[in-house]
Amino acid sequence: MELLKIIFLSIVQGITEWLPISSTGHLILVEEFIQLNLNPNFVEMFRTVVQFGSILAVVVLYFNKLNPLDFKKSSQERKNIWVIWFKVAFATLPAGFLGLLINDYMEEYFNTPYVVAAALIIYGFAFLWIENKKPARHAKQVNTLKKISFPTAFKTGLFQALSLIPGTSRSGSTILGGLLLGMERTVATEFSFFMSIPVMFGASLVKLKDFGFAFTSAELVYLLVGMFVAFLVSLIVIRSLLKFIKTNDFKPFGYYRIILGAVVILYYLFK
């Protein structure tokens, strides 16, 4: 039964990690009905480290595009890839720095259903606003990853730092920031994917270190199965999202966030 719960939670994580709809908001609701009867320390670690499977999906899908060591590429192509990585690293500085300082504080005092619901609703309206807003004169100019400047990357990283507030969604924050900074939807989404690699990898290592690698054999199986499921689901979701936004905007996700936020509030008001 615990393994089935792990699989279901990993499916939810794999879906909601990449869509701008907040994995935290969904897990809060899901865990009300599906609670793991396992070591609480393991469960806390699992919530973060299962995301490592999702990271691997990005690495696999974009390996050729992000591999600067492929000598089949020209020297200029490899240089361009290194530049993208430097921009990604630069963009992750705000979230990495603030995460080390206040992440535990935010989880302890802000990880409540009402904060999550408020963040879901506010960001939902933000997506509707940015998609309804007439494009500024400079908008849509950033139509390739190469055109993302270092200042723009850093500003996008500031938006990613907002994801420390539960319910905002890491992908939602960075995609929204990218749109506001003039990126096309596909560019904002892909850059959000790339920014997730160092952030989620670092968070996973920290949680593993805190847990102490003291797994029972059953816990190790649960973690590996969870990461594998998250990996498979993420492969499907990432491809589907990129296909979707080529011909659609982010309004459906905005409406969905607002509805989910309202559901969370009503559930806890009448619980």
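Rules behind the numbers
- Residues numbered from 1 in each chain as written.
- Predicted model: local features only at pLDDT ≥ 70, side-chain atom pairs only at ≥ 80, totals over all residues.
- Heavy atoms only, no water.
- Helix = DSSP H or I, 4+ residues; strand = E, 2+ residues; numbered from the N terminus.
- Rg over C-alpha atoms; globule rule 2.2 N^0.38 Å.
- Buried < 20%, exposed > 50% of the residue type's maximum accessible area, 1.4 Å probe, protein only.
- Contact = heavy atoms within 4.5 Å.
- Areas by Shrake-Rupley, 256 points an atom, 1.4 Å probe, with all protein chains shown as cover.
- Lys, Arg positive; Asp, Glu negative; His and termini not counted.
- Charge placed at Lys NZ, Arg CZ, Asp CG, Glu CD.
- Expected span 1.5 Å × (residues − 1).
- Core = buried A, V, L, I, M, F, W, Y, C linked by side-chain atoms within 4.5 Å.
- pLDDT = per-residue confidence, 0-100.

The subject of this paragraph is the overall build of the protein. Looking only at helices and strands, one finds 12 helices and zero strands in the protein. The N-to-C order of helical and strand elements in the protein reads α-α-α-α-α-α-α-α-α-α-α-α. For the protein, whose C-alpha radius of gyration is 18 Å, the value lies close to the compact-globule estimate of 18 Å for 271 residues. The principal-axis extent of the C-alpha atoms belonging to the protein is close to 50 × 45 × 35 Å. Out of the 271 residues belonging to the protein, those deemed buried represent 49%. Nonlocal contacts in the protein, meaning residues at least 24 apart in sequence, comprise 84% of its contacts between residues at least 6 apart. Summed over its atoms, the accessible surface of the protein is roughly 13700 Å², and 68% of this surface lies on carbon and sulfur atoms. With 25 positive and 16 negative side-chain charges, the protein shows a spacing of 14 Å between the two charge centroids.

Moving on, we come to helix H8 (residues 150–161). Its 12 residues give H8 an end-to-end C-alpha distance of 17 Å, which sits within 8% of 16 Å, the value for a rise of 1.5 Å per residue. Of all the positions in H8, only Thr152, Ala153, Thr156, Gly157, Gln160 and Ala161 are classed as buried.

The next subject is the nonpolar core. Counting residues in hydrophobic clusters, the biggest one holds 41 residues, and the most contacted among them are Val58, Tyr62, Ile148, Phe191, Phe193, Phe194 and Ile238. Within the residue set of this core, elements represented by two or more residues are helix H4 (51–61), helix H6 (75–109), helix H7 (113–132), helix H9 (170–180), helix H10 (185–211) and helix H11 (217–245). Here this core gets nine residues from one element, more than from any other, and that element is H11. Look past the residues within four positions of phenylalanine 194 in its chain and what remains in contact with it is Val58, Tyr62, Leu66, Ile84, Val88 and Leu145. Listed in part, the 19 residues of the second largest apolar core include Leu9, Leu38, Phe42 and Val43.

Before going further, it helps to examine the confidence of the model for the protein. Segments scoring low in pLDDT should not have their predicted coordinates read at a detailed level. Averaged over all residues, the pLDDT of the protein equals 87, while 97% of them reach at least 70. Taken element by element, the protein is modelled with least confidence in helix H2 (residues 23–33), mean pLDDT 77, and with most confidence in H11, mean pLDDT 93.

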